[in-house]
Amino acid sequence: MSWEEMFKGDFAADDVRAYGELIDNLHGVQNALAALSMDREAIDDLSADLARWRERLEKSTTDEQHQVNGRVAELPVRGHAMLPDLHVTSRTTERVEGTVRFGRWFMGGGMAVHGGAVSLLFDEVLGILASLAAGGITRTAYLHTDYRALTPIDTELQAAAWIDRVEGRKWFVRGEIRHGDTVCAEGEGLFLRLLPEQGLGKRTTD
């Protein structure tokens, strides 16, 4: 079973549209929250609303194989609520390219993207390529990030990943995030192709 097949849910087109709107609204609320002043009325009201929605959503939880989050292949980053929207524009087994925009939610300081969010994006884009190239599910063994320049928020950036080398089940992948001609960050990762008997919940040790 391929990486895409493992993570793809079987959802109706209208359900995909509705979930995409939910994710857009969620990201909008996160960005607005990240820029919020100390408005106690807004904070108290939002906290009460979130408490009600938490109780409501907890009644609809399910296992990993049936959850919606991260399993809607038609949406950017499969509709994964934790990730910034990476729009893949080109992908082969040798290289993946796309654009990404980090909202205020991902800001670390100085109107720049938090370093951890940069690594989060690398894990996604490098992992996409590793799984495509390996023809199956891979797991991150290590991920190294070099920060070359501040990564701006609310700006369209270019992301790319390419295969560096392959050693058996080990796929070494490199990538970069650019703002025009400026390299904001470079990433390097090692991804291990899972054996047929290894599921997502099992740790790969070699």
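For the structure, see preceding data.
Residues numbered from 1 in each chain as written. Predicted model: local features only at pLDDT ≥ 70, side-chain atom pairs only at ≥ 80, totals over all residues. Heavy atoms only, no water.

S.K.: Explain the pattern of salt bridges to me, please; I cannot follow it from the model alone.
M.R.: Pairs can form between side chains of opposite charge once their charged atoms are near each other. Counted according to the given criterion, the structure contains 13 salt bridges. Residue glutamate 97 pairs with arginine 95 through a salt bridge whose shortest N-O separation is 2.7 Å. Look at glutamate 97 and you get partly exposed, because its relative accessible area is 31%. For arginine 95, a relative accessible area of 32% puts it in the partly exposed group. Measuring nitrogen to oxygen at the nearest pair gives 3.1 Å for the salt bridge that ties aspartate 164 to arginine 165. A single network of salt bridges, built from pairs that share partners, joins Asp14, Arg17 and Glu21. (Salt bridge = Lys/Arg side-chain N within 4 Å of Asp/Glu carboxyl O. Buried < 20%, exposed > 50% of the residue type's maximum accessible area, 1.4 Å probe, protein only.)

S.K.: Help me out: how do you make sense of the sheet that holds strand E5 (residues 138-147) in this one?
M.R.: The pairing of strands in a sheet comes from backbone hydrogen bonds and takes either a parallel or an antiparallel form. The six strands are arranged E1-E2-E6-E7-E8-E5 in an open sheet whose pairing can be described as antiparallel. The strands lining the two open edges of the sheet, one partner per strand, are strand E1 (86-91) and E5. Averaged over all pairs of adjacent strands, the angle between strand axes in this sheet comes to 20°, irrespective of strand direction. In this structure, E5 lies alongside strand E8 (residues 182-193), joined through nine bridges in antiparallel fashion. Opposite tyrosine 147, over in E8, you have alanine 185 as the bridge partner. Contacts from helix H4 (residues 115-134) reach E1, strand E2 (95-100), E5, strand E6 (157-167), strand E7 (170-179) and E8 within the one sheet, and its direction differs from that of E5 by about 135°. (Pairing = 2+ DSSP bridges. Helix = DSSP H or I, 4+ residues; strand = E, 2+ residues; numbered from the N terminus. Axes fitted to C-alpha atoms, helices over the stretch in contact; angles between N-to-C directions. Contact = heavy atoms within 4.5 Å.)

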